[in-house]
Amino acid sequence: FFTAEDACGGTMRGSSGIISSPNFPNEYHNNADCTWTIVAEPGDTISLIFTDFQMEEKYDYLEIEGSEPPTIVLSGMNIPPPVISNKNWLRLHFVTDSNHRYRGFSAHYQG
């Protein structure tokens, strides 16, 4: 079961900040389903730079919308290259299955 502290996701505003998986740098939860939306000023784009990335390959993943290509799906143990939005928003969707937990991800964004 999830308590309020386990809630994840939300809307991030402002010119910069950090998004990380629940519990980071400890292991994320099983069966997580989190969505964050980063919103910058109209006309701005957003850079998302990963500083840490560890997930179960194929089964746990981070899906990013709002960039080129329109949907990017990230998984595995390698730190992904930076993601640049093509509008003033990015949406991150983090999904995990019912077994194997890793450290997850941490990323810094700036508008």
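Criteria and thresholds
- Residues numbered from 1 in each chain as written.
- Predicted model: local features only at pLDDT ≥ 70, side-chain atom pairs only at ≥ 80, totals over all residues.
- Heavy atoms only, no water.
- Helix = DSSP H or I, 4+ residues; strand = E, 2+ residues; numbered from the N terminus.
- Rg over C-alpha atoms; globule rule 2.2 N^0.38 Å.
- Buried < 20%, exposed > 50% of the residue type's maximum accessible area, 1.4 Å probe, protein only.
- Contact = heavy atoms within 4.5 Å.
- Lys, Arg positive; Asp, Glu negative; His and termini not counted.
- Charge placed at Lys NZ, Arg CZ, Asp CG, Glu CD.
- Pairing = 2+ DSSP bridges.
- pLDDT = per-residue confidence, 0-100.

S.K.: Would you take a moment to explain the overall build of the protein for this structure?
M.R.: When helices and strands are tallied, the protein shows 0 helices and 9 strands. On C-alpha atoms alone, the protein measures out to a radius of gyration of 13 Å, which is about the 13 Å that the 2.2 N^0.38 rule sets for 111 residues. Within the protein, buried positions represent 39% of all 111 residues. Across the protein, the fraction of contacts at a sequence separation of at least 24, relative to all contacts at a separation of at least 6, is 74%. Taking the average place of the 6 positive charges on the side chains of the protein and the average place of its 14 negative ones, the gap between the two points comes to 3 Å.

S.K.: Explanation requested: the sheet that holds strand β7 (residues 83-84) in the structure shown.
M.R.: Read from one edge to the other, the open sheet built from 4 strands follows the order β2-β9-β4-β7, with strand pairing classed as antiparallel. Edge strands, defined here as strands with exactly one partner in the open sheet, are β2 (16-20) and β7. One ladder, built from 5 bridges, connects β2 with strand β9 (residues 104-110); its direction is antiparallel. Bridge pairing in β9 links Ile19 to Ala107.

S.K.: Help me understand the confidence of the model for the protein, please; the structure alone is not making it clear to me.
M.R.: The predicted coordinates ought not to be read in detail in places where the model reports low pLDDT. Taken residue by residue, the protein gives an average pLDDT of 93. The fraction at 70 or more is 94%. Below a pLDDT of 50 lies the segment residues 1-5, which in the model reaches 4 contacts outside its immediate sequence neighbourhood of four places, other chains included.

S.K.: Help me understand unusual backbone geometry, please; the structure alone is not making it clear to me.
M.R.: In terms of backbone geometry, most residues other than glycine have negative phi values and most peptide bonds are trans. At the junction of Phe24 and Pro25, the peptide bond is cis and its omega measures out at 5 degrees in the coordinates. Topologically, Pro25 is positioned in the loop between β2 and β3 (33-39). Positive phi values are uncommon outside glycine, yet Asn31 reaches one of about 55 degrees. With respect to the helices and strands, the residue Asn31 is situated in the loop between β2 and β3. One non-glycine residue, Lys58, lies in positive phi territory at about 75 degrees.

S.K.: How should the environment of Phe105 be read in this particular structure?
M.R.: Looking at the secondary structure, you find Phe105 in strand β9. The buried category is assigned to Phe105, whose relative accessible area is 0%. Put simply, Phe105 and Ile19 are 86 residues apart on the chain and 8.2 Å apart in space, counted from C-alpha to C-alpha. Residues within four places of Phe105 in sequence aside, it is in contact with Ile19, Ser20, Ser21, Phe24, Trp36, Phe50, Asp52, Phe53, Met55, Leu62, Leu92 and Phe94.

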